[in-house]
Each structure stands twice: as structure tokens, then as C-alpha cells.
Amino acid sequence: MSLDSHDSTGNGTVAAGNIAVNDPLRAEIAAAVDAVRDTTPLAQSLTNFVTINFVANAQLAVGGTAAMHYSGEEAGALDSAGASKATYINMGTLLAEFRTEYPAAARDAVERGLPWVLDPVGAGAGELRGEILRAFHETPPTIIRCNASEAIALAGIWGLDGADSKSRAGVEAHDEIDAAIPAAHALARFTGGVVSVSGAVDLVTDGECDFRLPGGSVWMTKITGAGCSLGGVTATYACVARPLVAALAAALHYNRAADSAERVAEGPGSFQVAFLDALWNTTADEIAQSPIYG
Ligand SMILES: Nc1ncnc2c1ncn2[C@@H]1O[C@H](COP(=O)(O)OP(=O)(O)O)[C@@H](O)[C@H]1O
Ligand SMILES: Cc1ncsc1CCOP(=O)(O)O
Ligand SMILES: [Mg+2]
């Protein structure tokens with residue numbers, strides 16, 4: 001079912017060429033998809049109360065394992081036991097104690113050399129959110145998974161280039177990915193990691209190379225947690241692949257699953273169910289042979 005009669009959204013732009021069918025990056029992406037399904041890795045999550053269940057279900061549906069909590073101490077225990085191979089931190093719903101717990105979880109990951117993924121939901125809104133995001137400047141994430149508004153706001157909070165006065169705080173994207181490119185580059189260069197900016201066309205960048213990923217479904221904007229769960233699944237992939245490959249595999253897996261779900265959905269409820277099924281059923285080859293404009 002199409003949403004066209006209800007909604008109009010930006011399309012983003014796709015430049016440059018689709019990378020070759022036999023590009024080694026595609027083989028790495030397929031290997032990451034297989035590795036998650038073969039090894040069921042655990043990425044621990046400190047994520048918001050609205051979408052915590054959907055994040056866990058999406059991690060399971062791609063083949064990973066889920067464990068949710070809100071404790072720096074628990075993060076250290078899971079890391080030191082070797083149980084969790086990556087950490088996901090999502091800023092959606094904050095409590096006062098997260099002021100110390102979230103930076104502690106990030107610090108533990110960095111000190112142990114484990115990847116961590118940040119979803120700076122609502123960056124730019126509120127003192128507590130700003131304080132915690134500023135603290136992450138000392139222990140930067142391996143991958144930032146965000147929408148365009150959040151990329152621009154986070155660059156501003158960290159005093160990097162690319163901050164833009166057009167940015168508006170909130171949990172939904174208002175800026176197209178093109179407006180967020182300077183911020184995404186600045187964030188990737190500062191962290192030495194990867195930035196994955198979602199939208200109608202997704203952008204994944206390591207600060208040097210940009211990859212644009214078209215496709216997916218506008219129904220993704222009509223269920224809560226599409227972005228949050230993409231962050232969790234990005235962490236799942238970070239358990240088995242280098243950051244660039246993890247971010248690409250997760251975003252492409254999402255786009256192909258959303259394409260499939262849209263073909264059978266009759267509304268947001270059936271779309272969400274079909275999307276989880278499609279995460280499970282989409283093949284490694286379908287994901288790795290997606291359009292990747294780089
Ligand atoms: N207009 C759209 N068309 C197709 N896919 C979209 C669209 N908007 C977002 N998505 C997809 O939805 C997922 C979540 O992205 P987004 O909605 O930007 O995150 P957030 O909920 O954090 O703002 C991503 O997989 C993205 O590709
Ligand atoms: C609605 C809402 N409010 C606080 S967190 C949250 C979920 C945001 O989820 P997403 O960014 O994935 O749409
Ligand atoms: Mg979001």
C-alpha cells in the first residue's frame with residue numbers, strides 16, 4: 001500500500017555511481033550478514049523506554065542477541081565477561097541517573113577497545129541531554145546513527161564544523177541528508193569512526209568516502225522506533241564487522257526489508273509486523289547487492 005495519498009516527504013538526492021557488483025565492499029557486507037546469523041552476537045543496549053521492545057526484536061530478527069539495561073556497572077560486567085561485543089546508547093528518554101550511567105557505559109567500551117554506537121535522539125533539546133552528549137566528547141562513539149537534524153545538532157554541541165542554525169531539536173528529522181553532510185563529515189573526522197544519517201536516502205560516511213543508499217519505505221516514518229532499532233541493529237553488526245561495513249550492512253538490511261514490508265502492508269501495524277519478518281527473511285545477497293552510490 002502506498003502512503004502517497006497521505007503524505008509528502010523529501011526524496012534526497014543520489015549522486016555518483018553505483019559501486020561495482022564485484023566491489024570487495026559488497027562481499028564484506030554479505031559476510032557481515034552471514035556472520036551475525038551464524039554467531040548470534042550480543043550488542044548490549046541502553047535505549048529509550050518508548051521503543052526498547054522494538055529495538056530488541058529487530059536485533060533478534062537480523063540474527064543477533066539482545067540485552068537491555070541502564071547501568072554503567074552492568075555494561076562493564078557484560079563487557080568484561082566477553083558476553084557483549086558492542087554497546088548501543090540511545091538518548092531518547094533520559095532519567096537523572098543516566099547523567100553518570102551513560103558516560104560510564106561509553107567509557108567502559110572505549111577502555112576495552114569495543115565498538116559503541118550512539119543514537120543522539122533529540123540532540124539539541126534539554127540540559128540533561130546536552131550534558132550527557134558533551135560527556136561523550138571524551139569517549140567518542142565508533143558509529144553515530146542519527147537523522148539529519150541530530151547530526152547537525154551534535155556537531156554544534158561538540159563545537160565542530162557543520163553545525164547549522166536551520167537545525168531544530170526533536171525526535172524526527174527536519175533536515176534532508178544533504179544539509180547534514182558537513183556535520184556528518186566533521187563528526188566522522190572527530191570520532192575517527194563512521195556516521196550513518198538516515199532519511200529517504202541514507203548517507204554513510206567515514207569522513208573521506210560518502211555512500212548513499214536509496215530505497216526503503218516512507219512507512220518507516222509512521223512507526224516509532226525505526227531509527228532507534230536501526231541503531232541497535234548497527235551495534236549488532238558492529239560486533240562482527242568494521243564500522244563502515246557495519247553501518248552499511250545495517251542500513252541496507254533496513255532498506256531491503258522495508259521494501260518487502262511495504263509490498264504487503266495495509267497500514268502501520270501490519271507494516272511493523274511485516275518489517276520484522278522481512279528482516280529475518282531478506283538474504284545476504286539481496287542486502288549486499290543493493291544500490292550503493294559512492
Ligand atoms: N521518506 C523515507 N523513505 C524511505 N525510507 C525512509 C524514509 N524516512 C526514513 N526512512 C528509513 O527509516 C529508517 C529510520 O530513519 P529515520 O526515520 O530517518 O530515523 P529517525 O526515526 O531516527 O528520525 C531508516 O532505515 C531510513 O532509511
Ligand atoms: C517518540 C519518542 N519519544 C522519545 S524517544 C522516542 C522514539 C523515537 O524513535 P525513532 O527516532 O526511532 O523514531
Ligand atoms: Mg531517531
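Conventions used here
- All chains use their own residue numbering, which begins from 1 and follows the written sequence.
- Following the order in which they are written, the chains are lettered starting with A and the ligands numbered starting with 1.
- Given that this is a predicted model, residues contribute local features only at a pLDDT of at least 70 and side-chain atom pairs are listed and counted only at 80 or more, while totals for whole chains, interfaces and linings are drawn from all residues.
- Just so you know, side-chain values use all the structure's heavy atoms and leave hydrogens and water out.
- UniProt positions are given in the numbering used here, feature names are shortened, and annotations may be inferred rather than shown by experiment.
- Here a strand is any run of E in DSSP of at least two residues, a helix any run of H or I of at least four, and the numbering for each starts at the N terminus.
- Note on method: radius of gyration uses C-alpha positions; expected globular size equals 2.2 Å times residues raised to 0.38.
- Contacts: residue pairs with any heavy atoms within 4.5 Å of one another.
- Using a 1.4 Å probe, accessible areas were evaluated by the Shrake-Rupley method; residue-level cover was limited to the displayed protein chains.
- The charge count includes Lys and Arg as positive and Asp and Glu as negative, but it does not include His or the ends of the chains.
- Charged groups are reduced to one reference atom each: NZ for lysine, CZ for arginine, CG for aspartic acid, CD for glutamic acid.
- Remark: exposure states derive from per-residue accessible area (1.4 Å probe, protein chains only) relative to the maximum for the residue type, with buried under 20%, exposed over 50%, and partly exposed in between.
- Pairs of cysteine sulfur atoms within 2.5 Å are what we label disulfides.
- Stacked, tilted and edge-to-face are the three classes assigned to paired rings of Phe, Tyr and Trp, where Trp is represented by its six-membered ring and a pair needs centres within 6.5 Å; plane angles under 30 degrees give stacked, over 60 edge-to-face, the rest tilted.
- Definition used in this section: a nonpolar core is a set of buried Ala, Val, Leu, Ile, Met, Phe, Trp, Tyr and Cys residues joined via side-chain atoms within 4.5 Å.
- Definition of nearness: a residue and a molecule or strand are near each other if at least one heavy atom of the residue lies within 4 Å of the molecule or strand.
- A 3.5 Å cut-off defines polar contacts: any pair of N or O atoms within that distance qualifies, except that in protein one atom must be a possible hydrogen donor and the other a possible acceptor, and neighbouring residues in sequence count only when both atoms are side-chain atoms.
- Each residue is assigned to one class: nonpolar for Ala, Val, Leu, Ile, Met, Phe, Trp, Tyr, Cys and Pro, charged for Asp, Glu, Lys and Arg, and polar for all the others, Gly among them.
- Strand pairing requires that DSSP identify at least two bridges connecting the strands.

In the annotation of an unreviewed UniProt entry, the entry for the protein chain reads Hydroxyethylthiazole kinase, and the organism field reads Bifidobacterium callimiconis. As recorded by UniProt, the Sequence similarities (unreviewed entry) comment attached to the protein chain reads in full: "Belongs to the Thz kinase family." According to UniProt, the comment filed for the protein chain under the heading Pathway (unreviewed entry) is "Cofactor biosynthesis; thiamine diphosphate biosynthesis; 4-methyl-5-(2-phosphoethyl)-thiazole from 5-(2-hydroxyethyl)-4-methylthiazole: step 1/1."

Observations concerning the overall build of the protein chain
Scanning the protein chain from N- to C-terminus turns up 11 helices and eight strands. Since a compact globule built from 294 residues should have a radius of gyration of about 19 Å, the 17 Å found for the protein chain is in line with a globular shape. For the C-alpha atoms alone, the extent of the protein chain along its principal axes is close to 45 × 45 × 35 Å. Considering only contacts within the protein chain whose residues lie at least 6 apart along the sequence, 73% involve residues at least 24 apart. Of the roughly 11400 Å² of accessible surface on the protein chain, 52% is carried by carbon and sulfur atoms. Considering the protein chain, the positive charge centre built from 17 side chains and the negative charge centre built from 34 side chains are found 2 Å apart.

Some remarks on the UniProt feature "binding site: ATP" (unreviewed entry) in the protein chain
According to UniProt, the positions carrying the feature "binding site: ATP" (unreviewed entry) are Arg145 and Ser198. These residues run over 54 residues, yet every pair of their C-alpha atoms falls within 7.6 Å of each other. Inspection of the secondary structure assignment puts Arg145 in strand 5 (residues 143–147). For Arg145, the residues in contact, after removing those within four places along its chain, are Val117, Leu118, Asp119, Pro120, Ser196, Ser198, Gly227, Cys228, Leu230, Gly231 and Thr234. Summarising the element assignment, Ser198 is placed in strand 6 (residues 194–198). Assessed through its relative accessible area of 17%, Ser198 is described here as buried. Look past the residues within four positions of Ser198 in its chain and what remains in contact with it is Arg145, Cys146, Asn147, Ala148, Ile177 and Leu230.

Focus: the UniProt feature "binding site: substrate" (unreviewed entry) in the protein chain
Here, UniProt's "binding site: substrate" (unreviewed entry) annotation points to Met68 and Gly225. Here Met68 falls in the partly exposed class, since its relative accessible area comes to 25%. Setting aside residues no more than four positions away along its own chain, Met68 makes contact with Ser45, Thr47, Ile52, Val55, Ala56 and Gln59. Along the polypeptide, Gly225 turns up in the loop between strand 8 (210–213) and helix 8 (226–238).

Brief notes about the state of the cysteines
A covalent bond between the sulfur atoms of two cysteines is referred to as a disulfide. What the rule picks out here adds up to zero disulfides. Of the cysteine sulfurs around Cys209, a residue in no disulfide, the closest is that of Cys146, at 19 Å. The class of Cys209 is partly exposed, set by a relative accessible area of 39%.

As for the packing of aromatic side chains
Centre-to-centre distance and the angle between the planes together describe a pair of aromatic rings. Counted under the stated rule, the structure contains nine aromatic pairs. Relative to Phe98, the ring of Tyr70 lies with its centre 5.2 Å away and its plane at 5°, an arrangement referred to as stacked. Placement of the pair is Tyr70 in the loop between strand 2 (65–68) and helix 3 (72–80) and Phe98 in helix 4 (residues 98–111), with a sequence separation of 28 residues. For Phe98, a relative accessible area of 2% translates into the label buried. By way of ring pairs, the aromatic residues Phe49, Tyr70, Phe98 and Tyr102 are connected into one cluster.

Quick look at the nonpolar core
Across soluble globular proteins, nonpolar side chains show a tendency to be buried alongside one another. Membership of the largest hydrophobic core comes to 56 residues, with the highest contact counts inside it found for Ile29, Tyr237, Phe271 and Phe275. Residue assignment for this core shows that the elements contributing at least two residues are helix 1 (24–39), helix 2 (52–61), strand 3 (84–90), strand 8, helix 8, helix 9 (243–264), helix 10 (268–281) and helix 11 (284–288). Per element, the largest residue contribution to this core is 13 residues, and it comes from helix 9. In terms of nonpolar packing, the next biggest core, distinct from the first, is built from 39 residues, Leu133, Leu154, Ile177 and Ala184 among them.

So, the site of ligand 2
Around ligand 2 sit 12 residues, and of these Thr224, Gly225, Ala226, Gly227 and Cys228 come closest. Contact distances for ligand 2 include 3.5 Å between an oxygen atom and a backbone N or O atom of Ala226. For the shell around ligand 2, the per-class residue count stands at four nonpolar, seven polar and one charged.

A look at the pairing of strand 8
Put simply, side chains in a regular strand alternate between the two faces of the sheet. Two strands pair when backbone bridges link them, and strand 7 (residues 202–205) and strand 8 are joined in this way by four bridges, in the antiparallel orientation. In the sheet register, Leu203 faces strand 8, and the bridge partner there is Arg212. Counted along the chain from strand 7 to the antiparallel partner strand 8, the turn is four residues long, and its residue Gly207 has a positive phi close to 90°.

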